[in-house]
Amino acid sequence: MTISAKTPLWSVLSPLLGMMTLILAFVAPPHTTITVLAVATLIGTVFAAVYHAEVVAHRIGEPFGTLVLAVAVTVIEVALILSVMVSDPIGKSSLARDTVFAAVMIVCNGIVGISLLVGGVRHREQGFRVAGASAKLAVLAPLTILTLILPNVTVSTSGPTFTPAQLVFAGLVSLVLYGSFVFVQTIRHRDYFLPVTNPGDETLHAPPPPLMTAATSFALLIFALAVVVGLAKGLTPALETAIAAMNAPKAVVGIVIAGIVLLPEGLAAVRAARANRLQTSLNLALGSALASIGLTIPVVAALSIALGYPIQLGLNPKDMVLLLLTLLLGVVTLGTGTTTLLQGIVHLVVFAAFVFFAFVP
């Protein structure tokens, strides 16, 4: 998938076909054919979103390019979570927690693991800027612990919940941490997040696309992401039925939703690592994990307070162990400035453990 000055026809048709499928699903009765068509157009739209994200990123440069995709995907993820929660406030009180936790595990172990493995196999050893990676981990640790673990040990309420005052505090803290990170990444210490120059960088000498092409891709990126969420929401009832038929826990719904929404970023991150742009890959992956928590928690907290919807944020003991293991592994992996396929394999093993114990708790 190369970036050209002209927008490829397939990258425009895929989201349009996805939108047509959404309209068909809305006006026609449920049918297996429509479900299969929705899955097919979802995959095509994801690839289109990845293409347009790469065009925008190449035009505006790092680290702004990866930030655009991270924030755009997270905004769409928040919209999807809220739409599902509003339809069933009681039954979906833990959906935000499950989806955010799944996003962190998918990003920090799944996407990072595949990226390190693919990059390690192709280039043996890859480098990145430790300062940028350390900054991301320094924000990710308190974000996850304050919002996903602390609710289990507060005494004002019983269970994995916050009081309204505590929810306000958690939302404000999340915004402050994420906002501070964005300021450091884009202004104060932008050089910490710039790609490491290396001979294997396939885009090192590629000219940026024209402004009009980048603007068109940005509009198509937003449109494609919206279609992805619409298709994912449309597939949610069939997904819940399938999960119930397998007698799998309800938390699996959050994993699938997060996985679908993160597909564009995941594919873009793996492609960057394969092209020997590991810094860009890590910017995409870890940036999306930060955005997922830093933007989702405040919005969900505000919805809970304004509409009186119940919300569960605290993780169960099993998930807390996996989260702490992920944070510890991230410190070890990103503490040297170089990675090999070994780190990729280790992250993927932890990701496999997360998926396995989600189905077999």
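Scroll up for the structure.
These notes cover the structure that comes with them. (Residues numbered from 1 in each chain as written. Predicted model: local features only at pLDDT ≥ 70, side-chain atom pairs only at ≥ 80, totals over all residues. Heavy atoms only, no water.)

## Things to note about the overall build of the chain
Tallying secondary structure elements over the chain gives 12 helices and two strands in all. Going from the N terminus to the C terminus, the chain shows its helices and strands as α-α-α-α-β-α-α-α-α-α-α-α-β-α. Here the C-alpha atoms of the chain give a radius of gyration of 20 Å, agreeing with the 21 Å that 2.2 N^0.38 yields for 361 residues. The C-alpha extent of the chain, read off along each of the three principal axes, is 55 × 50 × 35 Å. For the chain, the computed accessible surface area is about 15,500 Å², with 74% contributed by carbon and sulfur atoms. The chain carries 16 positive and 12 negative side-chain charges, and their two centres are separated by 4 Å. (Helix = DSSP H or I, 4+ residues; strand = E, 2+ residues; numbered from the N terminus. Rg over C-alpha atoms; globule rule 2.2 N^0.38 Å. Areas by Shrake-Rupley, 256 points an atom, 1.4 Å probe, with all protein chains shown as cover. Lys, Arg positive; Asp, Glu negative; His and termini not counted. Charge placed at Lys NZ, Arg CZ, Asp CG, Glu CD.)

## Focus: the packing of helix α1 (residues 9–27) against helix α2 (residues 32–60)
Packed helix pairs are characterised by how far apart their axes lie and by the angle those axes make with each other. Between α1 and α2, the least distance of the axes is 8 Å, while the angle of their chain directions is 145°. Handedness of the crossing formed by α1 with α2: left-handed. Listed contacts from α2 to Trp 10, Ser 11, Ser 14, Pro 15, Leu 17, Gly 18, Thr 21, Leu 24 and Ala 25 of α1 are Ile 34, Leu 37, Ala 38, Thr 41, Gly 44, Thr 45, Phe 47, Ala 48, Tyr 51 and His 52. When its residues are assigned to classes, the contact of α1 with α2 shows 11 nonpolar, eight polar and no charged. (Axes fitted to C-alpha atoms, helices over the stretch in contact; angles between N-to-C directions. Left-handed = near helix turned anticlockwise from the far one by under 90°. Contact = heavy atoms within 4.5 Å. Nonpolar A, V, L, I, M, F, W, Y, C, P; charged D, E, K, R; others polar.)

## Things to note about empty space enclosed by the protein
Counted by the stated rule, this structure contains two cavities of 30 Å³ or more. In this model, the largest cavity occupies a volume close to 80 Å³. Lining the largest cavity are Cys 108, Val 112, Leu 137, Leu 140, Leu 286, Thr 326, Leu 327, Gly 330, Thr 333, Leu 334 and His 347. Mapped by element, the contributors of at least two residues to the lining of the largest cavity are α4 (95–123), α5 (130–149) and α11 (317–333). For the lining of the largest cavity, the class distribution of residues is seven nonpolar, four polar and no charged. (1 Å grid on protein atoms, 1.4 Å probe; cavity = no way out; pocket = protein on both sides within 12 Å on 5 of 7 lines; lining within 4 Å. Points joined across faces, edges and corners; volume = space filled by probe spheres on them.)

## Details of unusual backbone geometry
Of note in this structure, Arg 124 is not a glycine but carries a positive phi near 65°. When you line up the elements, Arg 124 lands in the loop between α4 and β1 (126–127).

## As for a nonpolar patch on the surface
Side chains of Met 19, Ile 23, Leu 24, Phe 26, Val 27 and Leu 37 sit close together on the surface and give an oily, nonpolar patch of about 590 Å² of accessible area. Of all the elements, α1 adds the most residues to the nonpolar patch, at five residues. Inspection of the secondary structure assignment puts Leu 24 in helix α1. Note on Leu 24: relative accessible area 36%, which makes it partly exposed. (Patch = residues over 30% accessible without salt bridge, like charges linked within 9 Å, V, L, I, M, F, W, Y side chains within 5 Å. Salt bridge = Lys/Arg side-chain N within 4 Å of Asp/Glu carboxyl O. Buried < 20%, exposed > 50% of the residue type's maximum accessible area, 1.4 Å probe, protein only.)

## Re the packing of α2 against helix α9 (residues 263–274)
Two elements in contact, α2 and α9, have axes whose closest approach is 8 Å; the angle formed by their N-to-C orientations is 55°. For the element pair α2 / α9, the angle class is oblique. In this structure, α2 meets α9 at a crossing whose hand is right-handed. Taken together, the residues of α9 that come into contact with α2 (itself represented by Val 46, Phe 47, Ala 49, Val 50 and Glu 54) are Leu 263, Pro 264, Leu 267, Ala 268 and Arg 271. Across the contact of α2 with α9, the residue classes tally to eight nonpolar, no polar and two charged. (Parallel < 35°, antiparallel > 145°, perpendicular 65-115°, else oblique.)

## Notes on the side chain of Thr 333
Tracing the backbone through its elements, the reader meets Thr 333 in helix α11. Judged by its relative accessible area of 2%, Thr 333 is buried.

## Digging into the nonpolar core
Within the largest apolar cluster, 91 residues are counted, with the highest numbers of intra-cluster contacts made by Phe 101 and Leu 140. No other element matches α4, which puts 14 residues into this core. What Leu 140 contacts, discounting residues up to four positions off in sequence, is Cys 108, Ala 289, Leu 290, Ile 293 and Leu 327. (Core = buried A, V, L, I, M, F, W, Y, C linked by side-chain atoms within 4.5 Å.)

## Regarding α2
The terminal C-alpha atoms of α2 lie 42 Å apart, and with 29 residues this matches the ideal 42 Å at 1.5 Å per residue to within 8%. In the stretch just after α2, Gly 61 is the one whose phi turns positive, near 80°. (Expected span 1.5 Å × (residues − 1).)

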